[in-house]
Amino acid sequence: MPNRQRPAANMVVCPEHLFCLQCFRTALRAYDPDDGELFEVSCRLDAVASILCAQCSQRNSHCDNAPAGIIGDFFDFALVLRFCKEFWTAESDAGVARWDRNMLPLISLAVRNLAAALASILAGHRREHDLTQSRKKQGKARQAYRHFCAERRMALSPLPRPGRDGTPEDLIAYHSARVLRLEPGDVGFTSWAAAKHACFAALRSAIVQFYGDEEVAGVERLEEFDNYFPLVLDEI
Ligand SMILES: [Zn+2]
Ligand SMILES: [Zn+2]
């Protein structure tokens, strides 16, 4: 069993998309639509040398990682989360909150629903590849899955690593191009694509509900939203 005694790091790191799935499940269970906070996975890497996150160490449990074949989908989810944080933090030049606080529960719910869809495609992907048992019992399925991922990686189009003058967008594109995602025809692809469409529509509709889509203020906000929403939605 994991050792609970471990030297603490000076800095706690919270992975944005490679979080432990135990912490992801905890966040889904703990979500309260009424608290008005953004859905968040609080996975804390707080030790100097340990393969366990804080929660798993505390529970004497093992971390659970996203399968390599869908890490890109977790990456995309994290981009939406990062984008939606702006609804909580953005301020006008005068230091006033840019978005109506009453809108935030709608944003939070849209993100939480996307998280639930991600949990569902994770389960479907594991079933499809026979990865539902503990690692030790996966045996040949694990080997076949490694092979499957290796083949898919060959089809990736990696981008050159951005230099010092690279923009944050360049870095996102670089990291995004390195990871595998569900492909059309895979179990869960269509429902995941639909969930991303639904999230986009729910966020947009929250803006329309509070700012309208005819007045200048609403039109400007919708334009900004459309321009900066971080995902390209799949045609389904
Ligand atoms: Zn964790
Ligand atoms: Zn963990």
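Bear in mind the structure is a predicted one, so any value in this text is a computation, not a measurement.

K.L.:
Looking at this model, I keep getting lost on the overall build of the chain. Mind explaining?
P.N.:
Counting its regular elements, the chain contains eight helices and two strands. Secondary structure elements in the chain, listed N-terminal to C-terminal, are β-α-β-α-α-α-α-α-α-α. The C-alpha radius of gyration of the chain comes to 20 Å, within 12% of the 18 Å expected for a compact globule of 236 residues. By principal-axis analysis of the C-alpha atoms, the chain measures approximately 60 × 45 × 40 Å. Within the span of the chain, comprising 236 residues, buried residues form 20% of the whole. Here the contacts in the chain between residues at least 6 apart in sequence split such that 69% fall between residues at least 24 apart.

K.L.:
Quick question: what am I supposed to make of the nonpolar core here?
P.N.:
Proteins that are soluble and globular tend to have nonpolar side chains buried together. Counting residues in each nonpolar core, the largest one holds 26 residues, and the members touching the most others are Ile107, Val111, Leu114, Leu118, Ile121 and Cys199. Breaking this core down by element, the ones donating at least two residues are α3 (71-89), α4 (104-128) and α7 (189-211). Of the residues forming this core, the biggest block, nine residues, is contributed by α4. Counting residues in hydrophobic clusters, the runner-up holds 10 residues, among them Phe19, Cys23, Cys43 and Cys53.

K.L.:
What is the right way to look at the domain arrangement of the chain in this model?
P.N.:
You'll often see interface size given as the accessible area lost when the parts meet. As far as domains go, the chain holds domain 1 (1-65) and domain 2 (67-228). Between the C-alpha centres of domain 1 and domain 2 the distance comes to 20 Å. Each partner contributes residues to the interface: domain 1 has 10 residues there, and domain 2 has 17 residues. Along the lines of polarity and charge, the residues of the side of domain 1 that touches domain 2 split into five nonpolar, two polar and three charged.

About the thresholds
- Residues numbered from 1 in each chain as written.
- Chains lettered and ligands numbered in written order.
- Predicted model: local features only at pLDDT ≥ 70, side-chain atom pairs only at ≥ 80, totals over all residues.
- Helix = DSSP H or I, 4+ residues; strand = E, 2+ residues; numbered from the N terminus.
- Rg over C-alpha atoms; globule rule 2.2 N^0.38 Å.
- Buried ≥ 20, exposed ≤ 12 C-beta atoms within 10 Å, placed from the backbone.
- Contact = placed C-beta atoms within 7 Å.
- Core = buried A, V, L, I, M, F, W, Y, C linked by C-beta atoms within 7 Å.
- Domains from an automatic or database assignment.
- Nonpolar A, V, L, I, M, F, W, Y, C, P; charged D, E, K, R; others polar.

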